[in-house]
Amino acid sequence: MKPRERVFSAFYLEEPDRVPMWEAAVNATVAEKIVGRKYPPIQANPPWPETFKIDRDKMVKLSVEGHILCYKKLHFDILSIFPSPPKDFKPTLPKENVIIDEWGATYRYIPETDQAFVIDHPIKAPEDLEKYSFPDPNADGRTDIPEIAVKMAEKEDLAVSCWLPGLCEFTVANLMGLRSFALFLHKYPNLLEKILNSLTIFIIELGKALIDVGVEVLWFGNDTANRNGPFLPPRLHKKFFVPRLKKSVDSFHKKGAKVIQHSDGKVDMLMEDWLSIGVDAIHPFEPQAEMDIAQIKRNYGDKVCIMGNIDVSHTLPFGSKDDVRNEVIEKIKACAPNGGYVLTSSSSIFKAIPVENVMIMVKTCLSYGIYPHK
């Protein structure tokens with residue numbers, strides 16, 4: 001099978017020729033070691049400042065070329081990319097390693113780990129909302145990276161997936177912070193709904209624009225839990241998030257796209273909600289949050305594609321080659337039978353993960369993931 005056919009077989013809960021592979025993201029430092037050369041990172045949110053130091057069109061082309069080469073060398077069956085910043089966007093850099101994105105969120109970049117974390121939020125009180133304007137989902141240039149990625153990936157018969165803001169994660173982590181979110185939830189619920197409605201419109205419009213340039217799979221970066229359980233009681237998740245998520249998923253399904261729900265943390269109490277909104281796949285079932293992917297497969301494998309979950313807390317960054325190999329075999333044994341399974345890490349490939357362990361994960365899947373599995 002070609003990569004695209006392989007991964008879509010899994011989405012349709014069928015058995016392909018082997019277990020497909022995907023990663024939501026591969027850290028730029030790791031990717032450069034895999035590819036053997038440096039290239040501009042695929043721009044996530046926030047966009048790294050160094051990507052603005054070269055011509056934008058050149059940056060887009062070089063970043064997509066390098067990204068596809070990385071995914072090809074890893075034998076991944078579906079590309080994962082991010083929307084582009086608008087052409088007229090220039091980041092605000094108040095001081096070294098601090099950046100303000102187009103949403104007004106302030107990030108601190110940590111060079112040692114090659115990661116950025118939100119340190120200040122644009123909406124912390126009702127008066128902030130009065131003067132806040134949501135970005136334009138159809139801003140010029142927003143789909144530049146996805147569009148060129150689709151054209152290049154077509155030559156390799158790779159499916160293309162693209163990140164979308166997750167309604168819960170983006171609201172809590174990027175726009176408000178947990179303290180302000182809780183304040184609005186209990187004191188200003190109508191204002192919170194206004195924020196969620198505006199973000200839902202952005203998500204739907206951006207998702208439709210991505211589909212229009214050829215993206216076939218959309219994934220919500222939507223952490224909704226930590227290792228202890230959901231951020232919200234299930235009744236509030238059902239009230240505030242489920243109807244809006246369903247509206248988004250329905251819009252994308254009408255245009256023929258598949259949808260992946262990503263959330264770290266202990267999410268067993270949210271599974272029925274995600275099934276009710278009609279997502280096609282759920283990722284990644286964090287082992288350190290006591291998510292037993294074998295049990296998830298037994299309970300839900302006939303209803304939704306399961307994606308996961310080679311441990312990024314211990315096995316991939318710190319484990320031996322045998323540790324990695326054994327865990328991959330264990331997960332394939334548990335989840336591959338009857339199809340509907342995509343092998344991934346339990347989050348994404350970050351800087352601390354040795355390339356050698358990434359390659360062992362891949363090679364083990366290539367050799368042991370051949371169907372049929374019983």
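Residues numbered from 1 in each chain as written. Predicted model: local features only at pLDDT ≥ 70, side-chain atom pairs only at ≥ 80, totals over all residues. Heavy atoms only, no water.

## Quick look at the packing of aromatic side chains
- For the coordinates displayed, the defined rule picks out 13 aromatic pairs.
- Their ring planes at 65° and their centres at 4.7 Å tell us that tryptophan 103 and phenylalanine 170 sit as a pair that is edge-to-face. Residue tryptophan 103 is located in the loop between β3 (98-100) and β4 (106-110), and its partner phenylalanine 170 is located in helix α6 (residues 167-176); the two are separated by 67 residues in the primary sequence. In this structure, tryptophan 103 and phenylalanine 170 share a single accessibility class: buried. (Phe/Tyr/Trp six-rings, centres within 6.5 Å; stacked < 30°, edge-to-face > 60°. Helix = DSSP H or I, 4+ residues; strand = E, 2+ residues; numbered from the N terminus. Buried < 20%, exposed > 50% of the residue type's maximum accessible area, 1.4 Å probe, protein only.)

## Examining the sheet that holds strand β7 (residues 217-221)
- Spatial strand order, β1-β6-β7-β10-β11-β12-β13: seven strands in an open sheet with parallel pairing. Across the chains shown, the open sheet's two edge strands, defined by having one partner strand only, are β1 (78-81) and β13 (341-345). On average, adjacent strands in this sheet sit at an angle of 25° to one another, irrespective of strand direction.
- Across five bridges, strand β6 (residues 159-165) lies against β7 in parallel orientation. Its bridge partner lying in β7, leucine 164 is registered against phenylalanine 220.
- In this fold helix α12 (residues 293-300) packs onto β12 (305-310) and β13, with an angle of close to 175° to the strand it touches most, β12. (Pairing = 2+ DSSP bridges. Axes fitted to C-alpha atoms, helices over the stretch in contact; angles between N-to-C directions. Contact = heavy atoms within 4.5 Å.)

## Here's the deal with the state of the cysteines
- Summed over the entire model, instances satisfying the criterion amount to zero disulfides.
- Just so you know, cysteine 70 is unpaired, no disulfide at all, and the nearest cysteine sulfur is the one on cysteine 365, 16 Å from it.
- When its relative accessible area of 1% is taken as the criterion, cysteine 70 is described as buried.
- Free of any disulfide, cysteine 335 has its nearest neighbouring cysteine sulfur in cysteine 305, separated by 10 Å.
- Cysteine 335 sits in the buried class, given a relative accessible area of 0%. (Disulfide = S-S within 2.5 Å.)

## Quick word on helix α15 (residues 355-368)
- The end-to-end C-alpha distance of α15, which contains 14 residues, comes to 20 Å, matching closely the 20 Å that a straight helix rising 1.5 Å per residue would cover.
- Among the residues of α15, Val355, Asn357, Val358, Ile360, Met361, Val362, Thr364 and Cys365 are the ones counted as buried. (Expected span 1.5 Å × (residues − 1).)

## So, the packing of helix α3 (residues 56-73) against helix α5 (residues 144-154)
- One way to put it is that α3 packs onto α5 with a least axis distance of 10 Å and a crossing angle of 45°. Judged on the interaxial angle alone, α5 and α3 are oblique. Where α3 crosses over α5, the two elements pack in a sense that is right-handed. Contacts between α3 and α5 involve Arg56, Val60, Lys61, Ser63, Val64, Glu65 and Ile68 from the first element and Asp144, Ile145, Ile148, Ala149, Met152 and Ala153 from the second.
- Considering only residue class, the contact of α3 with α5 consists of eight nonpolar, one polar and four charged. (Parallel < 35°, antiparallel > 145°, perpendicular 65-115°, else oblique. Left-handed = near helix turned anticlockwise from the far one by under 90°. Nonpolar A, V, L, I, M, F, W, Y, C, P; charged D, E, K, R; others polar.)

## Considerations on the side chain of threonine 315
- Along the chain, threonine 315 turns up in helix α13 (residues 315-318).
- With a relative accessible area of 7%, threonine 315 lands in the buried category.

## Brief notes about the sheet that holds β4
- Ordered in space as β2-β3-β4-β5, the four strands form an open sheet in which the pairing is antiparallel. The open sheet terminates on both sides in strands that have one partner only, identified here as β2 (92-95) and β5 (115-120). The sheet shows a mean angle of 35° between the axes of neighbouring strands, direction not considered.

## A short note on the pairing of β7
- In terms of burial, β7 is largely enclosed, as five of its five residues are buried.
- As paired strands, β7 and strand β10 (residues 258-263) are joined by five bridges and run parallel to one another. Residue pairing for β10: valine 217 is matched across the bridge by lysine 258.

## Quick word on the environment of isoleucine 332
- As for its placement among the helices and strands, isoleucine 332 is situated in helix α14 (residues 321-335).
- Relative accessible area serves as the criterion here: at 0%, isoleucine 332 is assigned to the buried category.
- A C-alpha to C-alpha distance of 32 Å links isoleucine 332 and lysine 255, two positions 77 residues apart in sequence.
- Excluding its chain neighbours within four sequence positions, the residues that come into contact with isoleucine 332 are Val19, Pro337, Tyr341, Leu343, Cys365, Tyr368, Gly369 and His373.

## A look at helix α7 (residues 178-187)
- Burial in α7 covers these residues: Ser180, Phe181, Phe184 and Leu185. Down the axis of α7, the smallest arc covering the buried residues is 140°, so these residues share one side. Opposite its buried face, α7 presents the exposed residues Leu178, Arg179, His186 and Lys187, each directed more than 90 degrees away.
- Its buried side turned inward, α7 meets α4 (126-130), α6, α8 (189-212) and α9 (234-240). (Arc of directions from axis to C-beta.)

## Section: unusual backbone geometry
- A cis amide bond links histidine 283 to the next residue, proline 284, at an omega of 0°.
- Backbone torsion omega between tyrosine 371 and proline 372 reads 5°, so that peptide bond is classified as cis.
- With respect to the helices and strands, proline 372 occurs in the segment after α15.
- For asparagine 338, which is not a glycine, the phi torsion comes out positive at approximately 75°.
- Since its relative accessible area comes to 61%, asparagine 338 is described here as exposed.

The values are spatial; any link to function lies outside them.
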